[in-house]
2 protein chains.
Amino acid sequence: MTLVLSNEEIAQILTMELCIEALDAMYVEVGRGLALAGPRIDLVAGTQTLDGAAADYGLKAMGGVLPSNGVSAVRLNSDIITWPERAGFIRREKTPAANGRWVGLVLLFSTRTGEPLMIAPDGFMQRTRVAGASALGARYLARSDARTLCLLGSGWQAEGQVEAFCAVRPIESVRVYSPDPEHRAAFARRMADKLGKRIIAADSAEAAADGADIVAAATNSLDPVLQPEWIRPGVHLCSITVNEVHPDVVDEVDRVAFHTKEFTKEQTFRPAAAAPVVQQRPGWWTPPDAAFRSRLSDLSEIASGHATGRQRSDEATLFVNNIGMGLQFAAVGSRVYEEARARGLGHELPTDWFTQTVRP
Amino acid sequence: MTLVLSNEEIAQILTMELCIEALDAMYVEVGRGLALAGPRIDLVAGTQTLDGAAADYGLKAMGGVLPSNGVSAVRLNSDIITWPERAGFIRREKTPAANGRWVGLVLLFSTRTGEPLMIAPDGFMQRTRVAGASALGARYLARSDARTLCLLGSGWQAEGQVEAFCAVRPIESVRVYSPDPEHRAAFARRMADKLGKRIIAADSAEAAADGADIVAAATNSLDPVLQPEWIRPGVHLCSITVNEVHPDVVDEVDRVAFHTKEFTKEQTFRPAAAAPVVQQRPGWWTPPDAAFRSRLSDLSEIASGHATGRQRSDEATLFVNNIGMGLQFAAVGSRVYEEARARGLGHELPTDWFTQTVRP
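Since the model is a prediction, treat every value here as computed from it, not as a measurement.

Trainee: How should the domain arrangement of chain A be read in this particular structure?
Mentor: It is common to give the size of an interface as the accessible area that goes away when the parts come together. Residue and element names in this part refer to chain A. Per the domain assignment, the segments making up chain A are domain 1 (2-125 + 326-354) and domain 2 (134-262 + 278-320). In this assembly, 11 residues from domain 1 lie in contact with 13 residues from domain 2. Broken down by element, the side of domain 1 that touches domain 2 gets its largest block of residues, nine residues, from helix α2 (residues 16-31). Of the residues that constitute the side of domain 1 that touches domain 2, the class distribution is seven nonpolar, one polar and three charged.

Here it is, written out as structure tokens:
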């Protein structure tokens, strides 16, 4: 039978701890050359919404093969992108055009038989795998006695990040900053209830970062968020995009690791005429700088022993969760699938619906 | 509702004529820059079959966006690859390891709402779209009075090719050759019954090709099948792989077109230790030769009027159906979906199973 799961069912199964262990084992396999990550493919073309408005349609695909878990996975996103104006700014927004819902799927296949094992929405796994990679960055790079966390950002990804750091370090207090006072206060209340930790909304990024053992950014900012002034002995910095990192931070920290050095993105754009032109700004990470690359390691190298994490308590470290990998969905998806089968969750469909008697 | 279709249901709908028209309209869109084709991704890693034998696992993905039809499509293949010995030769074979079945899927999404419209096995669409492209090659490049067809190969793809040429040209007789006398005789009987044409099994490739208006190869040969001796005024040659074409044929014909010039393939291999090493032989098509490329057109250029097909009745032409595109599944899949909905075919599943309330 092929299992169809919902985000709600996956949320019952996929704890942060389970996610972190699944990812860690996968990075070891990547580092040993025993798992395969494919590139990420983005196709974006002009379309119309049902009410005739100009929009972009985006098809995104990423895949990976993880023989040690007996699975491969493909994650697909099918997005309707619009550009609403909010408070004077044009924003690029994924619109819930599928009857008020968004579309992202993970398909899990068996590498022993080829058959499709599971089809599930990607949302809960998506946030958890991003947070899980940040957690592993902290496990390998943050001081083991890190007790204070500064979080910049109070959105959906930020929630996952707090849980992630709390799962791998003895975090006692969290200071959160985001530009909107109400958002950050609500975030602090919500997460304090959820995690039973002391969580304070700070009045500025500086106030939040001051003296923190871990300073983490989880924003969608196109401008640098992590500032060089915050580097001090023993600190660990973390970002979920390359944009969030000020170039001087990269130069001044003692040790820097990416989520992955190898993953590539191929983008083909033929956007709608109405799409605003987004300026692609050259960043410190591109073109790849040879001297920088020689200093850089990634999670798979550290997890498999080909590179080292933190070596001294006074090092300043940086982890850049630079891009996702389809393999993360294979690693996390296989654990979700096994546990869902064990608990009898989800809808079962005949696998013969998704297989065939002709050789394609 | 999201529709799940079977190959048998698709075979009721997808005639060669419907396929050809769907593809032709799509190539026009590609030529006008209004449709997007993604690269093909192959990930191949060592695995084990259920009985513990060493094998390769292959995950293949290709996608495309076709806004004029309101759809995008992704085709996924999940293959178990073994290397059985047959008659002294090691062959690379896709094994039906999913309970005796193979695994290839097409997922069709709406570019208006993003939602998944259809999930279906790829097999019948796969053969029909390969044949449909050859048919269009013949429509644009073969003489309009082509009456005799030589077919080299008698396998599954060869069946589709005969139907394809008969759909676009007034074919009266077919001569088929393949190395095994029983195979070619059985093919001739079967296709004569199916198409009501005169179909003869020939004793040699030369005897089959001699004087034919169209000479088509549909084999899995790694060696050239289409020979320069067969070029004569007015002939049309067609192959379903680049390997099948002798390099001198490319130089000596008057006009040559590919299925597509732009499509790319990315392959990542970490095969099983037991996998035989397949020598990658450099071919006439790689590295791309500038002089050759300047002579070369493709279906999208011809269909959209940016390049010309046959201009004179005495030209010798060559069409190389060099590689598939995910866009073909979008073009053909959208017609299949519409017709299946109109006829009430397939299993309907709640689309909410495959969409979500969180923004991925």
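Trainee: Please explain the sheet that holds strand β14 (residues 214-217) of chain B as it appears in this structure.
Mentor: Residues and elements named next belong to chain B. Pairing is parallel in the open sheet, where eight strands are placed in the order β13-β12-β11-β14-β15-β19-β16-β18. Each edge of the sheet is formed by a strand with only one pairing partner; in this case those strands are β13 (198-201) and β18 (296-298). With direction set aside, neighbouring strand axes in the sheet form an average angle of 20°. Across four bridges, strand β11 (residues 148-152) lies against β14 in parallel orientation. Following the sheet pairing, L151 is matched in β14 by A216. Against the sheet, helix α4 (residues 156-168) contacts β11, β12 (173-177) and β14, and its axis sits at roughly 165° relative to β11. Across the sheet, helix α5 (residues 181-195) lies against β12 and β13, angled at about 175° from β13, the strand it touches most.

Trainee: Before we go on, may I ask you to explain the nonpolar core in this structure?
Mentor: In summary, soluble globular proteins display a tendency toward joint burial of nonpolar side chains. I214 and A216 of chain A together with I214 and A216 of chain B are the most contacted members of the largest nonpolar core, which totals 231 residues. Apart from residues no more than four positions distant in its own chain, I214 of chain A is found in contact with A138, A142, A146, L149, C150, F165, H236 and C238 of chain A.

Trainee: Teacher, can you tell me more about the interface of chain A and chain B here?
Mentor: With 62 residues of chain A at the interface, the matching set in chain B holds 62 residues. At the level of secondary structure, the elements contributing two or more residues to the side of chain A that touches chain B comprise β3 (40-48), β4 (54-66), β5 (71-82), β9 (104-110), β10 (116-121), α3 (123-141) and β17 (265-270) of chain A. Looking at the side of chain A that touches chain B element by element, the count peaks at seven residues for β5 of chain A. Of the residues contributing to the side of chain A that touches chain B, the split by class is 28 nonpolar, 24 polar and 10 charged.

Trainee: Sorry, what's going on with unusual backbone geometry here?
Mentor: Among all residues except glycine, the phi angle is most often negative; among peptide bonds, the trans geometry is most common. For N99 of chain A, which is not a glycine, the phi torsion comes out positive at approximately 55°. Within the fold, N99 of chain A resides in the loop between β8 (93-95) and β9.

Trainee: When you look at the relation of the copies chain A and chain B in this model, what are you seeing that I'm missing?
Mentor: To go from the first copy of the chain to the second, apply a rotation about an axis and then a shift along the same axis. Superposition record for chain A on chain B: RMSD 0.1 Å, screw rotation 180°, translation along axis 0.0 Å. Taken together, the rotation and translation relating the two chain copies correspond to the operation of a two-fold axis. Measuring from the rotation axis to each C-alpha of chain A, the shortest distance belongs to A61 of chain A, at 4.2 Å. Mapped onto chain B, 100% of the interface residues of chain A again fall at the interface, so both copies present the same surface.

The rules behind the values
Throughout this description, residue numbers start from 1 for each chain and increase along the sequence as written. Note on labels: chains are lettered from A, ligands numbered from 1, in written order. Residue-level local features of this predicted model are given only where pLDDT is at least 70; pairs of side-chain atoms are given and counted only at 80 or more, and the full residue set underlies all totals for whole chains, interfaces and linings. These domain boundaries are the output of an automatic or database domain assignment. Contact between two residues is assigned when their C-beta atoms, built from the backbone, lie within 7 Å. Runs of H or I in DSSP of at least four residues are treated as helices and runs of E of at least two as strands, each being numbered from the N terminus. Residue classes follow a fixed rule: Ala, Val, Leu, Ile, Met, Phe, Trp, Tyr, Cys and Pro count as nonpolar, while Asp, Glu, Lys and Arg count as charged, and any other residue, Gly among them, counts as polar. Pairing between strands requires that DSSP locate at least two bridges from one strand to the other. In this analysis, axes come from line fits to C-alpha atoms, helices being fitted only over the stretch in contact, and the angle between any two N-to-C directions falls in the range 0 to 180 degrees. For the purposes of this analysis, a nonpolar core is taken to be any set of buried Ala, Val, Leu, Ile, Met, Phe, Trp, Tyr and Cys residues that are connected through C-beta atoms within 7 Å. With C-beta atoms placed from the backbone, a residue is buried if 20 or more other C-beta atoms are within 10 Å of its own, exposed if 12 or fewer are, and partly exposed between those counts. Least-squares fitting of one copy onto the other uses the C-alpha atoms of those residues that reach a pLDDT of at least 70 in both copies.

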